[in-house]
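# Architecture at a glance
Here is how the chains run, residue by residue.
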Amino acid sequence: MWNIIQAEWQKLRRCQILLVGVVALALCPVVQYGTQLVVNPEIRDPDFDLVHLFANVVWGNTQVFLPISLVMIGGWLIDRENAHDTMKNLLVIPLPYQKLLAGKLAVTALLSLLFGIYSVAVTVLTGALAGLPGLTPAVVLQQGGQVVAAALTAFLACMPVILIFGQIRGAYLGGSILAFFLGYCILFFKSGFLLSAYPFSAALVLAGFDMEEYNGALQAPSVPLALLGMGAVIVLTAAILAVSRPGSQAGPGKRKKAKGRGRRHRR
(Lines give C-alpha, C1' and ligand atoms only; values in the text may rest on other atoms or scores of the structure.)
Protein backbone atom coordinates (compact mmCIF):
# COMPACT_ATOMS: atom_id res chain seq x y z
CA MET A 1 0.00 0.00 0.00
CA TRP A 2 2.84 2.40 0.83
CA ASN A 3 4.31 1.96 -2.66
CA ILE A 4 0.92 2.77 -4.17
CA ILE A 5 0.62 5.92 -2.07
CA GLN A 6 4.11 7.05 -3.09
CA ALA A 7 3.38 6.45 -6.77
CA GLU A 8 0.04 8.27 -6.62
CA TRP A 9 1.61 11.17 -4.75
CA GLN A 10 4.14 11.60 -7.55
CA LYS A 11 1.28 11.90 -10.03
CA LEU A 12 -0.05 14.95 -8.19
CA ARG A 13 2.87 16.95 -9.58
CA ARG A 14 1.19 16.68 -12.98
CA CYS A 15 -2.24 17.59 -11.60
CA GLN A 16 -2.90 21.17 -12.66
CA ILE A 17 -6.28 20.96 -10.93
CA LEU A 18 -4.34 20.96 -7.65
CA LEU A 19 -3.83 24.70 -8.17
CA VAL A 20 -7.61 25.17 -7.98
CA GLY A 21 -7.66 23.85 -4.43
CA VAL A 22 -4.57 25.81 -3.41
CA VAL A 23 -5.99 29.10 -4.72
CA ALA A 24 -9.50 28.45 -3.36
CA LEU A 25 -8.31 27.65 0.15
CA ALA A 26 -6.04 30.69 0.12
CA LEU A 27 -8.95 32.90 -0.89
CA CYS A 28 -11.24 31.57 1.86
CA PRO A 29 -9.85 33.58 4.83
CA VAL A 30 -9.38 36.64 2.61
CA VAL A 31 -13.00 36.48 1.46
CA GLN A 32 -14.23 35.91 5.01
CA TYR A 33 -12.32 38.93 6.32
CA GLY A 34 -13.24 41.02 3.29
CA THR A 35 -16.90 40.33 3.98
CA GLN A 36 -16.51 41.99 7.36
CA LEU A 37 -15.00 45.05 5.71
CA VAL A 38 -17.79 45.60 3.19
CA VAL A 39 -20.73 44.49 5.29
CA ASN A 40 -23.23 47.06 6.50
CA PRO A 41 -21.72 48.83 9.57
CA GLU A 42 -25.01 48.32 11.41
CA ILE A 43 -24.65 44.53 11.33
CA ARG A 44 -20.87 44.29 11.24
CA ASP A 45 -19.40 42.41 14.21
CA PRO A 46 -17.28 44.94 16.13
CA ASP A 47 -15.62 42.10 18.06
CA PHE A 48 -14.44 40.24 14.95
CA ASP A 49 -11.09 38.68 15.83
CA LEU A 50 -8.87 35.77 14.79
CA VAL A 51 -11.13 33.26 16.55
CA HIS A 52 -14.09 34.41 14.43
CA LEU A 53 -11.94 34.32 11.30
CA PHE A 54 -10.90 30.73 12.04
CA ALA A 55 -14.54 29.75 12.59
CA ASN A 56 -15.55 31.33 9.27
CA VAL A 57 -12.74 29.47 7.53
CA VAL A 58 -13.91 26.13 8.97
CA TRP A 59 -17.42 26.91 7.77
CA GLY A 60 -16.33 28.03 4.30
CA ASN A 61 -13.89 25.16 3.80
CA THR A 62 -16.36 22.45 4.81
CA GLN A 63 -19.34 23.94 3.01
CA VAL A 64 -17.71 24.95 -0.29
CA PHE A 65 -13.98 24.85 -0.88
CA LEU A 66 -12.91 21.42 0.39
CA PRO A 67 -15.76 19.37 -1.15
CA ILE A 68 -15.09 20.90 -4.57
CA SER A 69 -11.30 20.58 -4.34
CA LEU A 70 -11.10 17.08 -2.85
CA VAL A 71 -13.65 15.51 -5.21
CA MET A 72 -12.05 17.20 -8.21
CA ILE A 73 -8.51 16.07 -7.34
CA GLY A 74 -9.42 12.63 -5.97
CA GLY A 75 -11.67 11.95 -8.94
CA TRP A 76 -8.90 13.03 -11.31
CA LEU A 77 -6.48 10.55 -9.72
CA ILE A 78 -8.91 7.72 -10.53
CA ASP A 79 -10.13 9.00 -13.89
CA ARG A 80 -6.68 9.62 -15.35
CA GLU A 81 -5.93 5.86 -15.45
CA ASN A 82 -8.84 5.31 -17.84
CA ALA A 83 -8.45 8.60 -19.71
CA HIS A 84 -4.74 7.90 -20.38
CA ASP A 85 -5.37 4.18 -20.96
CA THR A 86 -2.90 3.14 -18.24
CA MET A 87 -5.29 1.05 -16.14
CA LYS A 88 -4.53 -2.14 -18.08
CA ASN A 89 -0.80 -1.74 -17.34
CA LEU A 90 -1.42 -1.33 -13.63
CA LEU A 91 -3.59 -4.43 -13.43
CA VAL A 92 -0.97 -6.61 -15.15
CA ILE A 93 1.43 -6.22 -12.17
CA PRO A 94 -0.95 -7.73 -10.76
CA LEU A 95 -2.53 -5.07 -8.58
CA PRO A 96 -6.00 -5.57 -7.08
CA TYR A 97 -8.29 -2.84 -8.37
CA GLN A 98 -9.80 -2.21 -4.95
CA LYS A 99 -6.32 -1.76 -3.46
CA LEU A 100 -5.48 0.74 -6.18
CA LEU A 101 -8.61 2.77 -5.42
CA ALA A 102 -7.87 2.61 -1.68
CA GLY A 103 -4.38 3.97 -2.37
CA LYS A 104 -5.82 6.89 -4.34
CA LEU A 105 -8.23 7.63 -1.47
CA ALA A 106 -5.32 7.52 0.99
CA VAL A 107 -3.42 10.09 -1.08
CA THR A 108 -6.51 12.32 -1.15
CA ALA A 109 -6.78 11.96 2.65
CA LEU A 110 -3.14 13.04 3.01
CA LEU A 111 -3.85 15.98 0.71
CA SER A 112 -6.83 17.00 2.87
CA LEU A 113 -4.52 17.03 5.90
CA LEU A 114 -2.05 19.27 4.07
CA PHE A 115 -4.92 21.48 2.89
CA GLY A 116 -5.98 21.89 6.51
CA ILE A 117 -2.47 22.89 7.63
CA TYR A 118 -2.20 25.22 4.64
CA SER A 119 -5.53 26.86 5.56
CA VAL A 120 -4.26 27.46 9.10
CA ALA A 121 -1.11 29.15 7.80
CA VAL A 122 -3.04 31.38 5.38
CA THR A 123 -5.58 32.30 8.06
CA VAL A 124 -2.86 33.28 10.55
CA LEU A 125 -1.12 35.33 7.85
CA THR A 126 -4.39 37.06 6.94
CA GLY A 127 -5.14 37.83 10.60
CA ALA A 128 -1.63 39.16 11.17
CA LEU A 129 -1.72 41.42 8.11
CA ALA A 130 -5.19 42.67 9.05
CA GLY A 131 -4.12 43.32 12.64
CA LEU A 132 -6.92 41.18 14.10
CA PRO A 133 -6.81 40.71 17.89
CA GLY A 134 -6.43 37.24 19.36
CA LEU A 135 -3.25 36.16 17.58
CA THR A 136 -1.83 33.98 20.34
CA PRO A 137 -0.26 30.50 20.30
CA ALA A 138 -3.22 29.10 22.25
CA VAL A 139 -5.73 30.41 19.68
CA VAL A 140 -3.66 29.16 16.76
CA LEU A 141 -3.29 25.68 18.26
CA GLN A 142 -6.91 25.32 19.32
CA GLN A 143 -8.63 26.90 16.33
CA GLY A 144 -6.03 25.60 13.89
CA GLY A 145 -6.60 22.08 15.18
CA GLN A 146 -10.29 22.49 14.43
CA VAL A 147 -9.51 23.58 10.86
CA VAL A 148 -7.36 20.48 10.31
CA ALA A 149 -9.94 18.19 11.94
CA ALA A 150 -12.70 19.64 9.75
CA ALA A 151 -10.55 19.07 6.65
CA LEU A 152 -10.15 15.38 7.50
CA THR A 153 -13.81 14.83 8.34
CA ALA A 154 -14.84 16.69 5.18
CA PHE A 155 -12.71 14.21 3.22
CA LEU A 156 -14.56 11.33 4.87
CA ALA A 157 -17.88 12.85 3.75
CA CYS A 158 -16.54 13.18 0.18
CA MET A 159 -15.24 9.60 -0.22
CA PRO A 160 -18.32 8.04 -1.90
CA VAL A 161 -18.55 10.92 -4.40
CA ILE A 162 -14.85 10.59 -5.23
CA LEU A 163 -15.17 6.86 -5.89
CA ILE A 164 -18.38 7.02 -7.90
CA PHE A 165 -17.56 9.95 -10.16
CA GLY A 166 -13.87 9.10 -10.44
CA GLN A 167 -14.77 5.78 -12.07
CA ILE A 168 -17.06 7.38 -14.66
CA ARG A 169 -15.00 8.59 -17.60
CA GLY A 170 -14.61 12.38 -17.45
CA ALA A 171 -17.25 12.83 -14.72
CA TYR A 172 -15.08 14.02 -11.84
CA LEU A 173 -15.81 17.67 -12.65
CA GLY A 174 -19.52 16.91 -12.41
CA GLY A 175 -18.81 15.19 -9.10
CA SER A 176 -17.18 18.35 -7.76
CA ILE A 177 -20.31 20.33 -8.69
CA LEU A 178 -22.46 17.77 -6.88
CA ALA A 179 -20.13 18.01 -3.87
CA PHE A 180 -20.68 21.77 -3.82
CA PHE A 181 -24.45 21.31 -3.60
CA LEU A 182 -24.08 18.59 -0.96
CA GLY A 183 -21.93 20.91 1.15
CA TYR A 184 -24.28 23.84 0.60
CA CYS A 185 -27.19 21.77 1.96
CA ILE A 186 -25.73 22.21 5.46
CA LEU A 187 -27.59 25.51 5.55
CA PHE A 188 -30.98 23.80 5.42
CA PHE A 189 -30.55 21.42 8.34
CA LYS A 190 -31.02 23.39 11.55
CA SER A 191 -32.71 20.81 13.73
CA GLY A 192 -33.66 17.17 13.92
CA PHE A 193 -31.82 14.07 12.73
CA LEU A 194 -30.11 15.63 9.70
CA LEU A 195 -28.57 18.46 11.74
CA SER A 196 -26.15 15.92 13.16
CA ALA A 197 -26.27 12.85 10.90
CA TYR A 198 -26.04 14.52 7.47
CA PRO A 199 -22.43 13.72 6.43
CA PHE A 200 -21.22 17.29 5.90
CA SER A 201 -22.96 18.45 9.08
CA ALA A 202 -21.42 15.48 10.88
CA ALA A 203 -18.01 16.60 9.60
CA LEU A 204 -18.46 19.92 11.39
CA VAL A 205 -19.95 18.40 14.54
CA LEU A 206 -17.10 15.90 14.91
CA ALA A 207 -14.58 18.72 14.43
CA GLY A 208 -16.15 20.53 17.40
CA PHE A 209 -17.68 23.35 15.35
CA ASP A 210 -20.34 25.52 16.99
CA MET A 211 -23.34 24.79 14.75
CA GLU A 212 -25.73 26.86 16.87
CA GLU A 213 -23.76 30.08 16.38
CA TYR A 214 -22.64 29.78 12.77
CA ASN A 215 -25.30 27.57 11.17
CA GLY A 216 -28.22 29.07 13.04
CA ALA A 217 -29.07 25.64 14.45
CA LEU A 218 -32.14 25.61 16.64
CA GLN A 219 -30.79 22.90 18.91
CA ALA A 220 -27.45 21.47 19.99
CA PRO A 221 -26.19 18.78 17.60
CA SER A 222 -25.69 15.22 18.75
CA VAL A 223 -22.20 13.73 18.59
CA PRO A 224 -23.53 10.10 18.62
CA LEU A 225 -25.76 10.90 15.63
CA ALA A 226 -22.80 12.54 13.89
CA LEU A 227 -20.76 9.37 14.48
CA LEU A 228 -23.66 7.33 13.10
CA GLY A 229 -23.86 9.48 9.97
CA MET A 230 -20.12 9.36 9.34
CA GLY A 231 -20.08 5.63 10.05
CA ALA A 232 -22.74 5.18 7.37
CA VAL A 233 -20.52 7.07 4.90
CA ILE A 234 -17.56 4.81 5.72
CA VAL A 235 -19.70 1.68 5.27
CA LEU A 236 -21.01 3.03 1.95
CA THR A 237 -17.45 3.74 0.83
CA ALA A 238 -16.37 0.19 1.74
CA ALA A 239 -19.35 -1.21 -0.20
CA ILE A 240 -18.48 0.86 -3.28
CA LEU A 241 -14.88 -0.35 -3.06
CA ALA A 242 -16.03 -3.96 -2.76
CA VAL A 243 -18.20 -3.86 -5.90
CA SER A 244 -15.85 -1.68 -8.00
CA ARG A 245 -14.40 -3.30 -11.09
CA PRO A 246 -12.03 -1.90 -13.72
CA GLY A 247 -13.81 -0.56 -16.80
CA SER A 248 -13.69 -2.61 -19.96
CA GLN A 249 -13.76 0.38 -22.31
CA ALA A 250 -10.71 0.89 -24.43
CA GLY A 251 -9.02 4.23 -24.72
CA PRO A 252 -9.56 6.54 -27.71
CA GLY A 253 -6.53 5.20 -29.56
CA LYS A 254 -7.64 1.60 -29.10
CA ARG A 255 -11.15 2.26 -30.36
CA LYS A 256 -9.84 4.05 -33.43
CA LYS A 257 -7.47 1.23 -34.27
CA ALA A 258 -10.12 -1.42 -33.78
CA LYS A 259 -12.54 0.46 -35.98
CA GLY A 260 -10.17 0.35 -38.92
CA ARG A 261 -9.52 -3.40 -38.80
CA GLY A 262 -10.91 -5.58 -41.53
CA ARG A 263 -11.25 -2.84 -44.12
CA ARG A 264 -10.18 -3.71 -47.55
CA HIS A 265 -7.92 -1.32 -49.36
CA ARG A 266 -9.45 -0.40 -52.66
CA ARG A 267 -7.45 0.86 -55.57
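Numbers given for residues are sequential positions, taken from 1 along each chain in its written order. Selection of residues for local features in this predicted model requires a pLDDT of at least 70, selection of side-chain atom pairs for listing and counting requires 80 or more, and totals for whole chains, interfaces and linings are taken over all residues. For side-chain calculations, the full set of non-hydrogen atoms in the structure is used, while hydrogens and water are omitted.

## Some thoughts on the overall build of the protein
Numbering of helices and strands runs from the N terminus, with a helix taken as a DSSP run of H or I at least four residues long and a strand as a DSSP run of E at least two residues long. Regarding its fold elements, the protein presents twelve helices and zero strands. The buried share of the protein, reckoned over its 267 residues, is 44%. Contacts: residue pairs with any heavy atoms within 4.5 Å of one another. A separation of at least 24 residues holds for 81% of the contacts in the protein among residues at least 6 apart in sequence. The Shrake-Rupley method, run with a 1.4 Å probe, gives the accessible areas here. Residue values count only the displayed protein chains as cover. As displayed, the protein offers around 13700 Å² of accessible surface, 66% of which is attributable to carbon and sulfur atoms. Burial classification: accessible surface area is computed with a 1.4 Å probe over protein chains only, and a residue below 20% of its type maximum counts as buried, one above 50% as exposed, and the rest as partly exposed.

## Quick notes on the packing of helix H6 (residues 137-166) against helix H9 (residues 199-206)
Helix axes are fitted to C-alpha atoms over the stretch in contact, other axes to C-alpha atoms as well, and angles between N-to-C directions run from 0 to 180 degrees. Direction vectors running N to C along H6 and H9 enclose 160°, while the axes themselves pass 8 Å from each other. Between H6 and H9, the crossing angle belongs to the class labelled roughly antiparallel. Of the two possible hands of crossing, H6 and H9 adopt the one that is right-handed. In contact with Thr-153, Ala-154, Ala-157 and Cys-158 of H6, H9 contributes Pro-199, Phe-200, Ala-203 and Leu-206. Looking at side-chain class alone, the contact of H6 with H9 contains seven nonpolar, one polar and no charged residues. Should an angle fall under 35 degrees it is taken as roughly parallel, and over 145 as roughly antiparallel, whereas 65 to 115 is taken as roughly perpendicular and any remaining angle as oblique. The crossing is said to be left-handed when, going from far helix to near helix, the turn is anticlockwise and less than a right angle, and right-handed when the turn is clockwise. Side-chain classes follow a simple rule in which Ala, Val, Leu, Ile, Met, Phe, Trp, Tyr, Cys and Pro form the nonpolar group, Asp, Glu, Lys and Arg form the charged group, and the remainder, Gly included, forms the polar group.

## A closer look at helix H7 (residues 172-184)
Take the residue count of a helix, subtract one, and multiply by 1.5 Å to get its expected span. For H7, spanning 13 residues, the distance from its first C-alpha to its last is 18 Å, which sits close to the expected 18 Å at 1.5 Å a residue. Regarding H7, the residues found buried are Tyr-172, Gly-175, Ser-176, Ala-179 and Gly-183. The arc that holds the buried residues of H7, viewed along the axis, is 100°, so those residues lie on one side. Think of the arc as the fan of directions from the helix axis to the C-beta atoms.

## Considerations on the packing of aromatic side chains
Aromatic rings from Phe, Tyr and Trp, taking only the six-membered ring of Trp, are treated as a pair when their centres fall within 6.5 Å; an angle between ring planes under 30 degrees marks them as stacked, one over 60 as edge-to-face, and anything in between as tilted. Scanning the entire structure with this criterion turns up six aromatic pairs. Where Tyr-198 meets Phe-200, the ring centres are 6.2 Å apart and the plane angle is 45°; that geometry is what we call tilted. We classify Tyr-198 as buried; its relative accessible area is 12%. On the basis of relative accessibility, which here comes to 3%, the residue Phe-200 falls in the buried class. Taken together, the ring pairs in this structure connect Phe-180, Phe-181, Tyr-184 and Phe-188 into an aromatic cluster.

## Here we look at helix H5 (residues 97-130)
In this model, H5 (34 residues) spans 49 Å end to end at C-alpha, consistent with the 50 Å of a helix rising 1.5 Å per residue. Phi turns positive, to about 70°, at Gly-131, one or two residues after H5.

## Structural notes on the side chain of Ser-244
Relative to the elements of secondary structure, Ser-244 occurs in the loop between helix H11 (223-243) and helix H12 (252-259). Residue Ser-244 is classed as buried on the basis of its relative accessible area, which comes to 5%. Side chain to side chain, Ser-244 and Gln-167 meet in a polar contact 3.1 Å long. Counting of polar contacts relies on pairs of N or O atoms within 3.5 Å, with two restrictions inside protein: one atom must be capable of donating a hydrogen and the other of accepting it, and residues adjacent in sequence are counted only when both atoms are side-chain atoms. Polar side-chain contacts of Ser-244 include one of 2.5 Å to the backbone oxygen of Ile-240. In contact with Ser-244, other than residues within four places in its own chain, are Tyr-97, Gln-98, Leu-101 and Gln-167.

## Quick look at the environment of Tyr-118
Structurally, Tyr-118 is set in helix H5. Here Tyr-118 falls in the partly exposed class, since its relative accessible area comes to 27%. Distance in space between the C-alpha atoms of Tyr-118 and Val-148 is 9.0 Å, their sequence separation being 30 residues. Not counting residues within four places of it along the chain, the set of residues in contact with Tyr-118 comprises Val-22, Leu-25 and Ala-26.

## Some points on the confidence of the model for the protein
pLDDT runs from 0 to 100 and stands for how confident the predictor is about each residue. Across the protein, pLDDT averages 83, with 81% of residues at or above 70. H11 holds the highest mean pLDDT among the elements of the protein, 96, whereas H12 holds the lowest, 42. The model gives residues 248-267 a pLDDT under 50, and that stretch makes eight contacts with residues more than four places away or in other chains.

## Thoughts on a nonpolar patch on the surface
A patch consists of residues whose relative accessible area exceeds 30% and which take part in no salt bridge; residues with like charges are grouped when within 9 Å of each other, and nonpolar side chains (Val, Leu, Ile, Met, Phe, Trp, Tyr) when within 5 Å. For this document, the term salt bridge refers to a Lys or Arg side-chain nitrogen within 4 Å of an Asp or Glu carboxyl oxygen. Together, Trp-9, Leu-110, Leu-114 and Ile-117 make up an exposed nonpolar region whose accessible area comes to about 320 Å². In terms of residue count, the dominant contributor to the nonpolar patch is H5 (three residues). For Leu-114, a relative accessible area of 36% puts it in the partly exposed group.

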